[in-house]
Amino acid sequence: ELAEIVVQGKLSNLQRKTSEPIAYAADRERKPVQHFVGAGKWDDEAVMAELRRDVAEEIGDANGIFIVDGSGFAKKGNNSCGVARQWCGRLGKIENCQNGVFLTYATEHGCILVDRQLYLPEEWANDPKRRKQCHVPQEIGFQEKWRIALDLMERSKDVPYRWVAADDEFGRV
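Residues numbered from 1 in each chain as written. Predicted model: local features only at pLDDT ≥ 70, side-chain atom pairs only at ≥ 80, totals over all residues. Heavy atoms only, no water.

Enquirer: Which parts of the structure should I look at to understand the packing of aromatic side chains?
Expert: Working definition: an aromatic ring pair is given by the centre-to-centre distance plus the angle between the planes. Within this structure, the stated rule accounts for four aromatic pairs. Look at Phe 66 and Tyr 161: their rings are 4.6 Å apart centre to centre, the planes differ by 50 degrees, and that puts the pair in the tilted class. Highlighted residues: Phe 66 in strand 1 (residues 65-74) and Tyr 161 in the loop between helix 7 (145-155) and strand 5 (163-166), separated in sequence by 95 residues. Given the relative accessible area of 0%, Phe 66 is considered buried. Since its relative accessible area comes to 37%, Tyr 161 is described here as partly exposed. (Phe/Tyr/Trp six-rings, centres within 6.5 Å; stacked < 30°, edge-to-face > 60°. Helix = DSSP H or I, 4+ residues; strand = E, 2+ residues; numbered from the N terminus. Buried < 20%, exposed > 50% of the residue type's maximum accessible area, 1.4 Å probe, protein only.)

Following this line, the structure appears as structure tokens:
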């Protein structure tokens, strides 16, 4: 039930698509929705693996292209997981933000996001208190963004492709 509420909220025309406005728009209490999104015990990697299987079957093409891109999301506070003063490409400057690495797949039949991972700055990776507050799994540690991109590609190895496109942040390495 909460998954349906969250997905509907993400697909809605809400200005902010975080747990709180999504909960209120659905006339629900904020905390259960926040808990479901932030600490719910469901396996999102299994969902992503199924998505990639479907993508390979439905639009997979030997001439497919993987597109690797990082993106930053400005944040006002510092309690969201991974928030730090760091480069935010969307703003074109160093700012308080979260960063993620995203893998998109494109063919002549369509394009779709096939994987993603939040970038965890070193100061976050090495701070047990912050990690606990944000439910960061034990196995997640600091990783350069280009290494995250390689992990995303490895998880997507069953999706056929010929090319990988990325900006210079990933191309330099």
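Alright, that's what it looks like, and here's the rest.
Enquirer: Just to check I follow, could you spell out the pairing of strand 3 (residues 93-107) for this structure?
Expert: Here is the key point about a regular strand: its side chains alternate between the two faces of the sheet. When strand 1 meets strand 3, the two strands line up antiparallel, connected through 10 bridges. When the sheet's bridge partners are listed, Ile 67 is paired in strand 3 with Thr 104. Taken together, the five bridges between strand 2 (residues 84-88) and strand 3 define a ladder with antiparallel strand orientation. Its bridge partner being in strand 3, Ala 84 is matched across the sheet by Cys 97. Linking strand 2 to strand 3, which pair antiparallel, is a turn of four residues; within it Gly 92 sits at a positive phi near 75 degrees. Relative to strand 4 (residues 110-119), strand 3 runs antiparallel, the two sharing nine bridges. Bridging from a neighbouring strand, Val 101 pairs with Gln 117 of strand 4. Adjacent in sequence and paired antiparallel, strand 3 and strand 4 are bridged by two residues. (Pairing = 2+ DSSP bridges.)

Enquirer: Even after reading the chapter, I still don't get helix 3 (residues 30-39), so can you show me in this structure?
Expert: Residue pairs three or four apart in sequence face the same way in an α-helix, which turns once every 3.6 residues. Along helix 3, the positions that sit buried rather than exposed are Val 33, Phe 36 and Ala 39. Buried residues along helix 3 sit in contact with helix 1 (2-10) and helix 2 (19-25). (Contact = heavy atoms within 4.5 Å.)

Enquirer: Looking at this structure, I do not really get the nonpolar core. What am I missing?
Expert: Looking at soluble globular proteins, one finds that nonpolar side chains tend to be buried together. Counting 15 residues, the largest nonpolar core has Val 55, Phe 66, Val 68, Val 101, Leu 103, Tyr 105 and Val 114 as its most contacted members. When contributions to this core are tallied by element, the ones reaching two or more residues are helix 4 (44-59), strand 1, strand 3, strand 4 and helix 7. Among the elements that line this core, the one with the most residues is helix 7, at four residues. Core analysis: the second largest hydrophobic core is formed by six residues, Leu 120, Trp 124, Ala 125 and Val 136 among them. (Core = buried A, V, L, I, M, F, W, Y, C linked by side-chain atoms within 4.5 Å.)

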